[in-house]
Every structure is written in structure tokens, then in C-alpha cells.
Amino acid sequence: MDKLKPLREQIDLIDAQILDLLNRRARLAQEVGHVKAETNAPVFRPEREAQVLRSVAQRNPGPLDSRDVQAIFREIMSMCRALEKRVTVAYLGPAGTFTEQAVYKQFGHAIEGMPCASIDEVFRAAEAGTADFGVVPVENSSEGAVNRTLDLLMQTTLEISGEVSFLVHHSLMSKHGTMDGIERICAHSQAFAQCHVWLNLNYPNIERQAVASNGEAARLATEDPTVAAIAGEIAGQKYNLGIVKAHIQDDPHNRTRFVIIGRLHTAPSGKDQTSLVLAVQNKAGAVYNLLAPLAKHGVSMTRFESRPARMGTWEYYFYVDVEGHVQDRKVADALAELRQNAAFFKMLGSYPSSL
């Protein structure tokens, strides 16, 4: 204990310094808020926050892991932002979903979360201004695109202002942590698809019921002892469920990508991505000719997804992601030519790439 005392005294001194610096930073954030109010600038600037998080990771000497340092700074920025205005973020609920987890990874915890029953409701909340932003899943590394999100991105006037991507680990959970007396397994349809092989091997004869979200599955399991849920461990903690088996996803590298939607035009951050929707006339070589400007101007395409146009004909919309911001010269030149070649062209947004 005698050896610990001087070390603890040093820690107490450093804690006092950290507290003083945090409040000095908060006061500066308040001054920034006053300037933003005078110029009607947005409170949330995803490009600025991305720059800060990348910078602290690059400058971090250790022993703290850079991802942990980024998590700390994300919460600092979230709390300072809340001094200006506590933003409201709609997400696919209820509490405990992976989409809620994506919200906190992007915005920190000093926000007002608005759980919604469906992806459609998330879009409506952001469109109506009930929420400042929405967060929705857009694709999974195992199962591909979340089609409802793609369809709504096609229709909405909102823009993508950010993205979050992380590993998704599914757990099988029940009220008592066993499968005794379980008659149904509930989960989102995507979760069932991501755990299909494991479920067929272990519980092929138990009924599977698709529900609106994994959070909803966890809620049902806590109310009904005959229901087991597939959800993340955070949902299990929120609903006090016991884990029957952790990490049951078929792909150990299973990853889901989420996008932030709102009315914000995001400025360049230095490492960005641009999303668009395209369509071409139904003729030979149309898609090749459409995308040729990307190669011509040295713009890398990172995603190419097709969706039926739903007009009773064999026509498709193409969802494309490219590296860079629309304000970057080579991206701007490529998109200007691409727009001329396309039968349909819609910008979904330019935004910082996921950390």
C-alpha cells in the first residue's frame, strides 16, 4: 500500500488536470456554438469530427489502443456538442439493436435517441424534422444489401452524411439462458440469414419467427419464456437475458454497414466516399460506357449494387459508391461526364469514410 500511495497521488493530480482541460475545451465549444448560431452553421460536422478522430489515432503513442482513444474523444466531442444542441437521432429500434449501437459509435451518448419500429419510420422522422438525423442499416458482408434502405434512399430528399461499419456478433439468448421449454426463435430476417447454417445444425426443428428487429426479438424473449432471441450481447444486457450460445453467426468476420441520413451537406474530410444511384438505357455496352468516366479520371469504385426498377420491365437502378468527395476535382469531373451518360442520376451524398 505504501508503494501505491505516491502512484495514486500522481493519478489524482493528472485527473484534476484532465478535468480542467475538459472544461476548458467545453468552454471553447460553447464559443464555437455562439459563432455557429450567428452564421446558422450546423451543430454536427461529421467531417470535422472524423478529422479529429483520425488525428488522435495517428498521434497516439500508446499504451492505450488507438480505437479506445477514439472512443474517449468521440464522447468528449458528443458532450461538447450537446452544450450547443443535443441532437435527436432516429434509429431502427427498440433499444438494444445493432442500429442503436451504430448511433453511439457515430454520435456518442450525449444525444436524444429516437427508436423507430421500422426503417420507413426512421426516414419519415428525419424527413419531417422530428429527428435531426436517422441511422439505418444499408448492407451486410454476408447477406448483401438491405433492400428497403436502398429503395428509400432512391425516393427520399435526404442525404447520406456519414457511415459506420463494425463486426456484428449474434448470440442466442433466452430468459433463463437455456433452451429448455423454448418453442420459437425470434430474430430479424437478416440475423436468421446470417446464422442459417448454425441454426440448421443445432436447432433445426424449432420454429423461427422473423420480427422487425433483433431488439424486438430480445424484448419478446424477456416477456415469454418459450421464446429465444438472436441478438447482440448489448440487447441481452438491456433485457436481462441469459446467453445460450455466443457468436453463432456463420461468418466470423460478419460486418454490417450503416448510413447516417439527414439534410446536412457534408464538407470534405480528407478521406471520403460518394454514393449515387444510376440507370442506363437498355442497350449493348450501356453500363460499360456509363462507368468509363470513373476509370478515365482515376476514381475508384468501391461498391456496385443493382435493384429492379419495379416498372414491369427488365430495368435496373445501380447503386454505386466511389472513393473521394464530390468537391474533389477528379471526382467532380468524373461525375459530370457520368451524369451526361446516365438515363437517371441521383447523388445520395458525399461523406467521411467509416473509421
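Shown above is the structure to which this text applies.
Residues numbered from 1 in each chain as written. Predicted model: local features only at pLDDT ≥ 70, side-chain atom pairs only at ≥ 80, totals over all residues. Heavy atoms only, no water.

## Structural notes on the sheet that holds strand β15 (residues 344–352)
Alright, step 1. Taken in spatial order, the four strands of this open sheet run β13-β14-β12-β15, and their pairing is antiparallel. Strands with a single pairing partner mark the edges of an open sheet, and in this sheet they are β13 (301–308) and β15. In this sheet, adjacent strand axes meet at a mean angle of 15° when their direction is disregarded.
Alright, step 2. Here β13 runs beside strand β14 (residues 316–323); their pairing, made up of seven bridges, is antiparallel. Note that in β14 the partner of S306 across the bridge is F318.
Alright, step 3. In the packing of helix α12 (residues 329–341) onto the sheet, the strands contacted are β12 (272–279), β14 and β15, and the crossing angle to β12 comes to about 5°. (Pairing = 2+ DSSP bridges. Helix = DSSP H or I, 4+ residues; strand = E, 2+ residues; numbered from the N terminus. Axes fitted to C-alpha atoms, helices over the stretch in contact; angles between N-to-C directions. Contact = heavy atoms within 4.5 Å.)

## Some thoughts on unusual backbone geometry
Alright, step 1. The step from G62 to P63 runs through a cis peptide bond, and the omega angle for that step is 10°.
Alright, step 2. For the bond from G93 to P94, the omega torsion is 5°, close enough to zero to count as cis.
Alright, step 3. Topologically, P94 is positioned in the loop between β1 (88–92) and α4 (98–107).
Alright, step 4. For N240, which is not a glycine, the phi torsion comes out positive at approximately 55°.
Alright, step 5. Overall, N240 belongs to the exposed group, its relative accessible area being 66%.
Alright, step 6. Notably, H247 is not glycine yet its phi reads approximately 55°, a positive angle.
Alright, step 7. With respect to the element layout, H247 can be found in the loop between β10 (242–245) and β11 (255–262). (Buried < 20%, exposed > 50% of the residue type's maximum accessible area, 1.4 Å probe, protein only.)

## Section: the nonpolar core
Alright, step 1. Ranked by internal contacts, the top residues of the largest apolar core, which has 28 residues, are I119, F123, L153, I261, Y317 and Y319.
Alright, step 2. Looking at this core, the elements that each hand over two or more residues are β1, α5 (119–128), β3 (133–140), α6 (147–155), β11, β12, β14 and β15.
Alright, step 3. Not counting residues within four places of it along the chain, the set of residues in contact with Y317 comprises M154, V277, L278, A279, E305, S306, R307, A309 and F344. (Core = buried A, V, L, I, M, F, W, Y, C linked by side-chain atoms within 4.5 Å.)

## Some details on a nonpolar patch on the surface
Alright, step 1. A cluster of nonpolar side chains, contributed by I14, I18 and L22, occupies part of the molecular surface with about 240 Å² of accessible area.
Alright, step 2. Mapping L22 onto the fold places it in helix α1 (residues 4–39).
Alright, step 3. With relative accessibility at 33%, the residue L22 sits in the partly exposed group. (Patch = residues over 30% accessible without salt bridge, like charges linked within 9 Å, V, L, I, M, F, W, Y side chains within 5 Å. Areas by Shrake-Rupley, 256 points an atom, 1.4 Å probe, with all protein chains shown as cover. Salt bridge = Lys/Arg side-chain N within 4 Å of Asp/Glu carboxyl O.)

Geometric values such as these leave the question of function open.
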